[in-house]
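Summary of structural features
Take a look at the letters that make up each chain.
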Amino acid sequence: MLVDLDYFFAQCEELRNPSIRDKPVVVCVYSGRTEDSGAVSTANYVARAYGVKSGIPIFLAKKKLENTNAVFLPVDYEFYEEISGKVMNILKSLADHFEQVGIDEAYLDVTQKTGGSFEEGRKLAERVRSEVLRQERLTCSIGVAPNKLVAKISADTKKPDGLTVVTPDQVTVFLGPLPVSRLIGVGAKTRERMQVLGINTIFDLSSYDMQKLIAFFGKTLATYFHNASLGIDDEPVEERGEATSISRIATLKHDSRELSFIVERTDQLCGEIHATIAKDGLAFKTVGIIVIATDMSIHTRSKTFENPTDNLEAFKEAVKELLERFLDQTDFEARRVGVKVASFVRQEKNQTQLTSFINENKD
Ligand code: TTP
Ligand code: MG
């Protein structure tokens, strides 16, 4: 099954302030240039009814929501990540195998837990929904299907708070009428190219002459498209690596440009992170800072050591250097500050093992 939390960032905001629940809620990434420059990250379903959605400019969202009691809020990734982590733990506990694919989405292989029965699959999905609601007070939408490809599409069918089960014998009937753009890998450009060939629905794609498809898209892509259109997919649900970075962020007691005052706070954050990674026997090569300025603009700086370290003093010192340079180079006043470590290396018996098991940095 694929579990996707509904209007995630906006739902998190409703969680911390339930009084906004019935209003249009728009979570924004402010670029900081002018008051309204930037884009919409996501919006709750009340706002979506006015045509507000991810990616549109903030000024446009404001125009669409003129004369409403809409609430516009800046993104607060740390808060969403904290909630995401709790939900993911619940999902993990209910699956045979678990694979998180974004901050608010995960695949659960439940073949063994359900004995391969889709009736049991539906019951388990209901249980997932009720546990997430009970423990974290969040709603999600779930698709249950024979594989990841179909589960993802079925989860998108009924939202928010939806559950869609597609059994093996329903797969082609379910996919057939949908537009090809619902398949992963069919973006705007591919959709246009397919349209030229008279392929609009997934059924059109499944019945299109394979040789012609190969001539047009090459063998690899054509084979993928053909299989996908028939709902064929055998990608396993696979656990991803450990966290790629760890960060902590805090609001300063007052806005400031004073290095010693800011460092007082970042030193504490460094201590908290250090305690976490020391427990796991991790060393790191990259140290970063995050500064959220009074105008809500977000700034990051980072530094990579030549050799991994797990030394708290070296960590604090690097953070201080980065902050000093940041304050030197800009005029921003800090409202919130954060620190981050990444590029982990596991330490074994005092010996530094140089196989970095993480190469992906989320920033
Ligand atoms: P989605 O799951 O795509 O969207 P959603 O959870 O807001 O809404 P839905 O009910 O349709 O699932 O993305 C998860 C989060 O990722 C979303 O809450 C905000 C963020 N996001 C962006 O910041 N920009 C984007 O363009 C998209 C699509 C998502
Ligand atoms: Mg979502």
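About the criteria used
Residues numbered from 1 in each chain as written. Chains lettered and ligands numbered in written order. Predicted model: local features only at pLDDT ≥ 70, side-chain atom pairs only at ≥ 80, totals over all residues. Heavy atoms only, no water. Salt bridge = Lys/Arg side-chain N within 4 Å of Asp/Glu carboxyl O. Helix = DSSP H or I, 4+ residues; strand = E, 2+ residues; numbered from the N terminus. Buried < 20%, exposed > 50% of the residue type's maximum accessible area, 1.4 Å probe, protein only. Near = heavy atom within 4 Å. Polar contact = N/O pair within 3.5 Å; in protein donor to acceptor, adjacent residues only side chain to side chain. Areas by Shrake-Rupley, 256 points an atom, 1.4 Å probe, with all protein chains shown as cover. Nonpolar A, V, L, I, M, F, W, Y, C, P; charged D, E, K, R; others polar. Pairing = 2+ DSSP bridges. Axes fitted to C-alpha atoms, helices over the stretch in contact; angles between N-to-C directions. Contact = heavy atoms within 4.5 Å. Domains from an automatic or database assignment. Buried area = accessible area lost by both parts, 1.4 Å probe. pLDDT = per-residue confidence, 0-100. Core = buried A, V, L, I, M, F, W, Y, C linked by side-chain atoms within 4.5 Å. Donors = N, O, S within 2.8 Å, 3.2 Å for Na, K, Ca; no water. Tetrahedral: all angles 85-135°; square planar, octahedral: opposite > 155°, others 65-115°. Phe/Tyr/Trp six-rings, centres within 6.5 Å; stacked < 30°, edge-to-face > 60°. Lys NZ or Arg CZ within 6 Å of the ring centre and 35° of its normal.

1. Some points on the pattern of salt bridges
Pairing between side chains becomes possible if they bear opposite charge and their charged atoms approach one another. Scanning the entire structure with this criterion turns up 19 salt bridges. For aspartate 4, the salt bridge goes to lysine 159, with nearest N and O atoms at 3.0 Å. Residue aspartate 4 is located in strand E1 (residues 2-5), and its partner lysine 159 is located in the loop between helix H7 (148-155) and strand E8 (163-165); the two are separated by 155 residues in the primary sequence. For aspartate 4, a relative accessible area of 5% translates into the label buried. Note that lysine 316 and glutamate 313 form a salt bridge whose closest N and O atoms lie 3.8 Å from each other. Within this pair, lysine 316 and its partner glutamate 313 are both found in helix H14 (residues 312-329), separated by 3 residues, close to a single helical turn.

2. What about the site of ligand 1?
Around ligand 1 lies a shell of 13 residues, among which Tyr7, Ser41, Thr42, Tyr45 and Arg48 are the nearest. The separation between an oxygen atom of ligand 1 and a polar main-chain atom of tyrosine 7 is 2.7 Å. When ligand 1 sits alone it has 550 Å² of accessible area, and the protein chains cover 69% of it. Sorting the residues of the shell around ligand 1 by element identifies E1, helix H1 (8-16), strand E3 (38-43) and helix H2 (45-48) as the ones contributing at least two each. Here the residues of the shell around ligand 1 are counted per class, giving 5 nonpolar, 3 polar and 5 charged.

3. With respect to the sheet that holds E3
Note on sheets: strands pair through backbone hydrogen bonds, and any given pair is parallel or antiparallel. Read from one edge of the open sheet, 3 strands run E3-E2-E4, paired in mixed fashion. Because the sheet does not close on itself, it has two edges, and the strands there are E3 and strand E4 (71-74). Neighbour-to-neighbour, the strand axes of the sheet open up by a mean angle of 35°, direction not taken into account. Both strand E2 (residues 25-30) and E4 contribute to a ladder of 4 bridges, which runs parallel.

4. Re the sheet that holds strand E7 (residues 140-144)
Ordered by their spatial adjacency, 5 strands build an open sheet running E5-E6-E1-E7-E8, and the pairing between neighbours is mixed. The open sheet terminates on both sides in strands that have one partner only, identified here as strand E5 (97-102) and E8. Here the strands of the sheet are splayed against their neighbours by 15° on average, with no regard to which way each runs. Helix-sheet contacts for H7 involve E1, E5, strand E6 (105-109), E7 and E8, and the interaxial angle to E7 is about 140°.

5. Some details on the domain arrangement of the protein chain
Structurally, the protein chain comprises domain 1 (7-76), domain 2 (78-171), domain 3 (176-229) and domain 4 (245-346). A C-alpha centroid distance of 26 Å is found between domain 1 and domain 2. Tallying the contact residues gives 12 residues for domain 1 and 13 residues for domain 2. Ranking the residues of domain 1 by area buried against domain 2 places Phe8, Leu15 and Asp76 at the top, with a combined share of 48%. At the junction of domain 1 and domain 2, the tally comes to 0 salt bridges. Joining domain 1 to domain 2, the criterion identifies 5 residue pairs in polar contact (both at pLDDT 80 or more). Considering each element in turn, the side of domain 1 that touches domain 2 owes the most residues, 7 residues, to H1. The residue makeup of the side of domain 1 that touches domain 2, split by class, is 8 nonpolar, 1 polar and 3 charged.

6. Observations regarding the confidence of the model for the protein chain
In the predicted model, the protein chain carries a mean pLDDT of 91, and the fraction of residues at 70 or more is 94%. Confidence drops under a pLDDT of 50 for residues 349-363, and excluding neighbours within four residues, the segment shows 24 contacts in the predicted structure.

7. Here we look at the nonpolar core
Ranked by internal contacts, the top residues of the largest apolar core, which has 37 residues, are Met1, Leu91, Leu108, Val128 and Ile142. Residue assignment for this core shows that the elements contributing at least two residues are E1, H1, E2, helix H4 (77-93), E6, helix H6 (118-136), E7 and E8. Considering every element that reaches this core, the biggest residue donor is H4, with 7 residues. A domain split of this core shows at least three residues from each of domain 1 (7-76) and domain 2 (78-171). Apart from the residues lying within four places of it in its own chain, the contact partners of leucine 108 are Met1, Val3, Leu91, Ala95, His97, Phe98, Val128 and Val237. Within the second largest apolar cluster, 28 residues are counted, among which are Cys270, Leu282, Val291 and Phe315.

8. Quick word on the coordination of the magnesium ion (ligand 2)
Under ideal tetrahedral coordination, the four donors around a metal are separated by 109.5 degrees; under ideal octahedral coordination, the six donors are separated by 90 or 180 degrees. Donor atoms from the polypeptide that bind the magnesium ion (ligand 2) are Asp4 (OD), Leu5 (O) and Asp104 (OD), placed at 2.1 to 2.2 Å. Every donor counted, the 6 donor atoms about the magnesium ion (ligand 2) form angles of 84 to 174° at the centre, which fits octahedral coordination.

9. Brief notes about the packing of aromatic side chains
The full count for this structure, using the stated rule, is 11 aromatic pairs. Consider the rings of tyrosine 224 and phenylalanine 225, whose centres lie 5.8 Å apart with planes at 55°: the pair is tilted. A relative accessible area of 32% means that tyrosine 224 is categorised as partly exposed. With a relative accessible area of 1%, phenylalanine 225 lands in the buried category. Both rings, one in phenylalanine 326 and one in phenylalanine 332, keep their centres 6.4 Å apart while their planes meet at 10°; by these two values the pair is stacked. A relative accessible area of 2% places phenylalanine 326 in the buried class. Overall, phenylalanine 332 belongs to the partly exposed group, its relative accessible area being 28%. Three or more aromatic residues link up through ring pairs in this structure, and these residues are Phe8, Phe9, Tyr77, Phe79 and Tyr80. Here the basic side chain of arginine 48 rests over the ring of tyrosine 45, its NZ or CZ set 4.2 Å away from the ring centre. Over the aromatic face of tyrosine 107 sits the side chain of lysine 148, whose NZ or CZ is 5.1 Å from the ring centroid.

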